[in-house]
Every structure is written in structure tokens, then in C-alpha cells.
Amino acid sequence: MTFHRDCKMGAVFCLIFVNIWQVVTGQIHYSMPEETEKGYVVGNIAEDLKLEVKELSHRGVRIFSSGRTQHFALNYKTGHVYSTERIDREEICGWVEKCLLNFEIIVGDSMKVYGVRVEITDINDNAPKFHSEKMELKISESTPTGSLFPLYEAQDPDLGNNSLQGYKLSSNTHFSLNMETRVDGRQYAELLLEKPLDREKETDHNLVLTAYDGGIPVRTGILQVHVIVLDANDNPPVFSQRIYEVCVKEDISLETTVVTLKATDLDEGINKELKYSLIKITAKASHIFHLDSNTGEITLSGNLDYEDCTQYEMEAQVHDGGELFDKSKVVIFVTDVNDNAPEVIITSVINSVPENSPPGTAIALLNVQDQDSANNAEVACSVPGNLPFQLTKSYGSYYSLVTNRALDREQVTTYNITITATDHGTPSLSTSIIIPLLILDINDNPPLFPQSSYVSYLIENNQRGASVFSLKANDPDWEENARIMYSITKSQMVDFPLSSLLSINSETGIIYALASFDYEEFREINFLVKAQDGGSPPLSSNISVTLFILDQNDNTPEILYPSVPNDGSTGVELAPHSSEPGYLVTKVVAVDADSGQNGWLSYQLLKATEPGLFSIGLHTGEIRTSRFFLDKDALKQSLVVLVKDNGEPSLSASVTVTVVLADSIPESLSDISSISAPPDPQSDLTFYLVVAVAFVSCLFFTFLLVLLAIKVYRWRNSQLCDSGSMNFSGVPVSQFVGIDGVQAFLHSYCHDFSLTTDSQKSNFAFPKGTSSNILQSHQSCEIRDPFLSAEDTKSFNEDSANTEVSCLCKI
């Protein structure tokens, strides 16, 4: 009931506290009473930092505490800082007069740090307490008055008026309290003997020692003191020192002797036997130190930690066999050793930055701590000097990792930044952490071609859609900033739109021909190719491309002179009879639209009426006489001139030149009028072929008529024979022609003919029939080609011995 009533009073006491905050050198101060419920609002950080509540989460505002326990949290909806648990000041700060909890407010987007201190004010939640509820004192009846005897000391972890204020002793006739004050200001009580003891009257005395604090309400603690009166003992034991002070390192091993207490007693026998004990010691110290009651050695039974406690103070007492005692103070100082390596805590970090970030851009916010003290706690942080980063002091033990020069993703895409924290202890300890950082690309590099210009060659008469040339630009940027699109932007051609001649694959840079090019039409194409990346804004570069069209031997030589007249007549050149060898008769002029060796022309005399009479220049085309004209030479000379180029394969053209031998133009007119155009061998051949086909067709038609007449005639004879009214006695047997005769007729009219390209006319040879004329001369018959052979006639006569038929045949 007392505890709950005190809590209510504490809550009322909390209402009188006003949360005070102020920003001084980047630090905010709050205060709150201890033992408040979880969720107690300490202050409004949004107002203190002059931020909108909605900005807290957007800007990455958060609380960071280096301790193991997070005592406070941030409400992002209201901006309030509130407690996450019930806070006990005595548990956290112990005897420290001013209890402060420190944490930091970190603004993530700007990497700023604001220190926050929360003072935990004390309430009277602890009563004075003795480490034991009972104490026994043995005092000799011969002890003189004025002697002092130590009593157990009460402990009250509260502060100020709430802490221990004094002691009260129950009323009695022999003892009173003597109050003393230590150097640190704390009071302790001793039992003062005011009246001699008499064991024969009273063998013991029961006293009550009450410790009280100054809180509201007052809290107290009680110690039952039982005093036993002993027989006389002349000499009490005496410590060799009134205060034992010793320094030990925090890393000494267990069971090590820390200090040895020594006392002497002048008595003899049992009264000289001494026992040592610790009468004033904290519970924590009792688990770390052990006193051997016989030897007085204090040894280490638990681990020391300078960071946990720097000194231990206790009171020792020695008793002899007669229960006389002495007391001494023992103070053990713990010295620090460099046993804690620095700790680097990343409180805020970004994993990537654009490459155009200016120097001074914050990458990470670090908190560096070392639990040691003095030089062992002094820490130096560093980053490798070859990296474009540095550490700057931010606030307290905070460091900011910032850039110190420009970044370039095209040179280094990622950094693994090693941060090393080294203390100044001996030997020094260090800790390293690695912060990976990705450099983000920006579009700061245009596409570049490896050459300043390009030249390509393509043979004319190419296929449509053929690949002409391939371009490749490089962009050291990344992803979309490095995706290149190609296009043809400008051409120097005026007569032809470039879009109808060439196209380019926008992704691969391959240029295709949309038409079949003709060298004779245009010989080169100049245009610009643009390479543009996909960045924002896009960057681009242009490159000049020249496409030369290479010639192919696709044009035959064209003869300009002599030209063929439009009226179908043949051009004639004159050569005097008196011409000497080398006389220039005429010149064949030809051109070739091709170039190079494809356009080199040579002339050749392919055919002449009089071989050896004329010659022609191989490269000039000049026709000259090779000798003097003779009377036997024909007046009209036909020369066939062949003009061919030097291509592979070579192409050629020919022309016929007619040269008339005459001394003057009037003289040549009569000769020219008698000169007809030379028959065309090909036309004569065609004519004779047509005549031959017509002749054979007529002959075959005649044969069909004869065959039909025979069939009709036989049919009539058979009708007459059957009726018995017909008589063939008047017809000679040899004049009948049968089927076999028809066959002979066909054989007799088989003929051969032959054609030659050089002959002026085609000759037909009609062979004479091989059979002899078997027709009787009973009647007048003109036979140009016999129909029947001798065998056929004989066979026919045998078959028709009783029938006589005559036929008059003329072909």
C-alpha cells in the first residue's frame, strides 16, 4: 500500500514539471520524472526542429541511441518523442547526481545531427535500507565510556531530500548516536558508549536504529542492534592503516590478491586470535571481492570493468578472541586498460549517388565510440587517400562521410569505402567497416565514332536491299544513356532524295541500298549519319560518310562514226585509186560510258572484201590503206570493224564501212548507182527455207488428193465387179498405180538440201528416181519423176492379171 500511495504522489509531483527544451549549439534539452508510465510524452521534436509533421518521414528523421536500450521513440504522426518503458533513475544512473539520457535526432536527407538530452528527475521511490536487518555487537564490560562502535550503513539511491537524511536510535541508558560525515557528503552513524557496562546487571542490550529520508512522505529503514556484554579484554586489535588504498587494472585475472589487511593485538592466547570481515560493502562489490577472514587477503572473485565502475569503497573490521575490534577503510581504484576496440556505427547511409554530385555531398553519417577512457578512448577515423571521399566532424562523436572531388562513373562504377577507426591506446586497437557505394550514371557523354569520317565503296548494279556499310558509335554511359539510335540526317545530293537511295538500321547502324546504283548516273554519295543516345536530354554526334560507286563493265561501246543513216542506206567512204599505203580513208569513232579499263577501247578489222588492203589503228580507229590499189581490186570494199572495251568480260560492237575506189566524186557516182546493197545472207536463207516448206506442203497435199482418188476409184471398181456389168479390157495393166506405187512416189520425191552462212544463195538438190520407167507407151505420157519401181510394177501386174487399168500421169 505504501508503494502505490507513493506512486500516486509521484504522479502528482510529475505534473509540476514543465518540459523545457532549447537548442543550444545544436542540442535539445528535455526533462521528465522517473517511474512514469510507458508512452510518456517528453517533447515535440517537429516543433523544436521547425519541421512540418509530414516532413518527418519524408526527410528520414529518426532517433538514434548508442546505448543498448532504446528508451525513447518518435511518433511520426504527431512529432512527439515518447518513452518506450518505465524509466528508473537509480537503475540507470546510480549515485550520479544529475541523470541524463542522451540520444540523437538524425535528419536523413541532409545528414544533420541534433543532440538531445533528457534529464531524469528523481522522485522518492526508495526507502533507506540496511544490507541486513539485524546486527550483533560484542562489547567488553571494561570498555571505557566514549568508545565508538561502527553500525551498518543504510543505503538510499534517491537524491537530494529524497535520499538518506539521518538516523535515530531507540531510547536506552547506555548508548547514543554519533553522526559523522564523509568526504563525499554522506553521513554515517556510530554507536557511542555513554555509560559503563556491567555484565552482572545486564548481559545484553537490544537497540533499534532507524534511518529516514527527507521525501514526502518520509520513508524509513530499521536495523535491530543486539549488544552482548563480555568479560574484560585488555587490548583491542589495531589495523596497520586507517585507510587502505590500492589501484588495480581492470584486466587482472581472477583469484588475484588485491590488498592484504593487517592488524595486531597485544593480548595473549585466545584474545590474540584475529578475524577479519567487511561490514560496509555494496551488493555489487560483494560479488567481485572476497575477504579471507583469517589472513585478511582481499582477492578478486569477479571481473572488473572500468567502464562499469571506476572505484569500490568498503569498510573492514577486525575482531580478536575477546570480541574487541578495530575498523579501517578500504578503497580500490580500477584503472583503465585499452581493452575495447573502437565501434563504428552507421546511423545513416545512402547506397548510390549520381556522378554529377558536387564535392561535399554526404554519403553516410557515422557514430564512433570507444568504451575506454582518457587516451584509450581517443579515436581517429580515416579513409584511404586515393578515394574521392573524406570524413568531417559533425557533432560530438559523429562523423560525416562526404565527397571531396568530382565523381566519374565511366572511370569507376562502384566504390567499397573502407573506414578505419583507431584509438590512441597502447597497443592501439582499430575497427574497420566497408560502405559500398554505387555511382549512378547521368547522360554526360555523347556517342562518339572511332573515326572522324568514313569512306565506303560499292560496285554498281548492286541488289536492292544489299548491305552497303556498317557504322558503330560508342557511348561510355549506362543503360538508356548508352542506347544509341542511328539516322541519316543530311545529304549533299540535290537531284535525288537520299531517302530513296539509302536507309539505315536505327539500332545496328547498318546502311542498306534501296536502289540499284548506276556509276554512269552518279559516282559518289555524301551524307551525314547522326548517332543519338537515349538520355534525357539526349546527346548526339554526326559523322560524314562518303559512298563511292565503283564502275562495272555494263556498257557496250557506242559507235558515233560512221553512223547508220536513218533512211536505210549505207554510208560510203571514197578512196582514190592513186592512194598510197598509209592513206587515211576514214576514222571509226566510238565511246564507252564505263570508266577506267572498262572504258578503254580497241579497234579491230574483223572482215574485209580484200584482206590486207586496209588496216585499222588499234587505239585510234583510223582506217588506212596498207598497199597500192590493183586493177583486180573490187571497186566496192566492205570492211567490218569490231570495237571492244577492256573490261572483264569485255563488251564489243561492230560496224560495216563501205569504201568505194574512185579518184573523184563524179567518177564514183556511176559506180555507186550500180552498187546495190549487199544481199543479206540471213535474208536469202530465210527466203529459201520458206520456199522449201511451201513446196513440201504442196507436194504432200497433192499426194493426199491422189490417194483419195485411188481410194474412190477402187471403190467404184469393186462395185462394178460385184454387179458383173463392168469390163476393164480397154485399160492397159501397166497404167494402174496402187498403194505400192504411192510408196514409190514418196521415195522418189525425197530430197536433200544444205545451207551455209557464207553462201550467197541456198542450193537444193533433187535426186533422180532410182526406178526405171515401167509405163507402157500405149499412150502419150510425160513423166518428170517416175512413180513406180520395177518391182512394184511386176507385183502389181501379177495381182491384176485379169484386169487392165490405164492411167495418164503428168507431174
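Residues numbered from 1 in each chain as written. Predicted model: local features only at pLDDT ≥ 70, side-chain atom pairs only at ≥ 80, totals over all residues. Heavy atoms only, no water.

Tallying secondary structure elements over the chain gives 9 helices and 52 strands in all. Expressed as a percentage of its 811 residues, the buried residues of the chain come to 40%. Counting only contacts in the chain whose residues sit at least 6 apart along the sequence, the fraction spanning at least 24 positions is 66%. For the chain, the computed accessible surface area is about 45,000 Å², with 53% contributed by carbon and sulfur atoms. (Helix = DSSP H or I, 4+ residues; strand = E, 2+ residues; numbered from the N terminus. Buried < 20%, exposed > 50% of the residue type's maximum accessible area, 1.4 Å probe, protein only. Contact = heavy atoms within 4.5 Å. Areas by Shrake-Rupley, 256 points an atom, 1.4 Å probe, with all protein chains shown as cover.)

Residue proline 217 is reached from isoleucine 216 by a cis peptide bond, and omega for that bond is -5°. Along the polypeptide, proline 217 turns up in the loop between strand E16 (204-213) and strand E17 (220-230). The omega angle of the peptide bond from glutamate 648 to proline 649 is -5°, so this bond is cis rather than trans. One non-glycine residue, glutamate 35, lies in the positive phi region at around 65°.

Quick look at the sheet that holds strand E34 (residues 430-440) now. Across the sheet, 4 strands lie side by side as E28-E34-E33-E30; this open sheet has mixed pairing. Only two strands of the sheet have a single neighbouring strand rather than two, namely strand E28 (352-354) and strand E30 (379-382). Averaged over neighbouring strand pairs, the angle between their axes works out to 25° when direction is ignored. Where E30 and strand E33 (residues 414-423) come together, 4 bridges link them in antiparallel fashion. (Pairing = 2+ DSSP bridges. Axes fitted to C-alpha atoms, helices over the stretch in contact; angles between N-to-C directions.)

Attention now goes to the pairing of strand E7 (residues 100-107). A large share of E7 lies buried, amounting to 6 of its 8 residues. As judged from the 4 bridges shared by strand E4 (residues 61-64) and E7, these two strands associate in the antiparallel manner. Within E7, the position partnered with phenylalanine 64 by the bridge is glutamate 104. Relative to strand E8 (residues 112-121), E7 runs antiparallel, the two sharing 8 bridges. Bridge pairing links leucine 101 to valine 118 in E8.

This paragraph deals with the environment of asparagine 162. Of note, asparagine 162 is situated in the loop between strand E12 (154-155) and strand E13 (164-169). Spatially, the C-alpha atom of asparagine 162 lies 9.5 Å from that of proline 217, the residues being 55 residues apart in sequence. Apart from residues no more than four positions distant in its own chain, asparagine 162 is found in contact with Asp122, Ile123, Asn124, Asn126, Asp156, Asp213 and Gly215.

This next bit is on a nonpolar patch on the surface. Side chains of Val455, Tyr457, Ile459 and Leu550 sit close together on the surface and give an oily, nonpolar patch of about 370 Å² of accessible area. By residue number, the principal contributor to the nonpolar patch is strand E35 (residues 453-459), which donates 3 residues. One can find tyrosine 457 in strand E35. (Patch = residues over 30% accessible without salt bridge, like charges linked within 9 Å, V, L, I, M, F, W, Y side chains within 5 Å. Salt bridge = Lys/Arg side-chain N within 4 Å of Asp/Glu carboxyl O.)

Here we come to the pairing of strand E50 (residues 652-661). Within E50, 7 of the 10 residues are buried, which leaves the element mostly enclosed by the surrounding structure. Here 4 bridges tie strand E43 (residues 572-575) to E50, and the two strands are oriented parallel to one another. The partner of leucine 574 across the bridge, within E50, is valine 660. Summarising the sheet, strand E49 (residues 636-645) and E50 pair through 9 bridges and their orientation is antiparallel. Paired with leucine 639 across the strands is valine 657, a residue of E50.

For the structure shown, the criterion picks out 1 disulfide. Through a disulfide, cysteine 93 is tied to cysteine 99; the S-S separation comes to 1.8 Å. On the sign convention where negative means left-handed, the S-S torsion of about 60° between cysteine 93 and cysteine 99 marks this disulfide as right-handed. Grouping residues by exposure puts cysteine 93 and cysteine 99 together as buried. (Disulfide = S-S within 2.5 Å.)

Here we take up the nonpolar core. Grouped together as the largest cluster of nonpolar side chains are 27 residues, with contacts concentrated most on Leu502, Phe517 and Val529. Only E35, strand E36 (467-470), strand E37 (484-491), strand E38 (502-504), strand E39 (510-513), strand E40 (524-533) and strand E41 (540-550) provide two or more residues apiece to this core. Excluding residues within four positions of it along the chain, phenylalanine 517 makes contact with Leu458, Glu460, Asn461, Asn462, Leu501, Leu502, Phe522, Ile525, Leu547 and Ile549. Residues Val246, Ala263, Ala285 and Leu304 belong to the second largest nonpolar core, which totals 25 residues. (Core = buried A, V, L, I, M, F, W, Y, C linked by side-chain atoms within 4.5 Å.)

To continue, consider the packing of aromatic side chains. Here the structure, examined in full by the defined rule, presents 14 aromatic pairs. Ring centres 5.6 Å apart and planes at 20° place the aromatic pair tyrosine 457 and phenylalanine 548 in the stacked group. You can see tyrosine 457 sitting in strand E35 and its partner phenylalanine 548 sitting in strand E41, a full 91 residues away along the chain. Sitting over the face of the ring of tyrosine 212, lysine 168 holds its NZ or CZ atom 5.7 Å from the ring centroid. (Phe/Tyr/Trp six-rings, centres within 6.5 Å; stacked < 30°, edge-to-face > 60°. Lys NZ or Arg CZ within 6 Å of the ring centre and 35° of its normal.)

Averaged over the chain, the pLDDT score is 81; the fraction of residues at 70 or greater is 80%. Below pLDDT 50 for its whole length, residues 1-25 participates in 29 contacts with residues either more than four positions away or in separate chains. Contacts of residues 724-811 to residues separated by more than four positions or lying in other chains number 124 contacts, the stretch itself having pLDDT below 50. (pLDDT = per-residue confidence, 0-100.)

This part takes up the environment of glycine 269. Tracing the backbone shows glycine 269 in the loop between strand E21 (263-264) and strand E22 (275-280). Each C-alpha atom of the pair glycine 269 and glycine 321 lies 8.4 Å from the other, and the pair is 52 residues apart in sequence.

Our next topic: the environment of valine 660. Here valine 660 shows up in strand E50. Among the residues examined, valine 660 registers a relative accessible area of 0% and is labelled buried.

In this structure the tally under the stated criterion is 15 salt bridges. Between glutamate 37 and arginine 86 there is a salt bridge; the shortest N-O distance is 2.7 Å. Note that glutamate 37 is positioned in the loop between strand E2 (27-33) and strand E3 (41-44) and arginine 86 in the loop between strand E6 (80-83) and helix H4 (89-93), a separation of 49 residues in sequence. Residue classification places glutamate 37 among the exposed positions, given a relative accessible area of 55%. Its relative accessible area of 42% is what places arginine 86 among the partly exposed residues. What emerges from the salt-bridge pattern is a single network uniting Glu35, Glu37 and Arg86.

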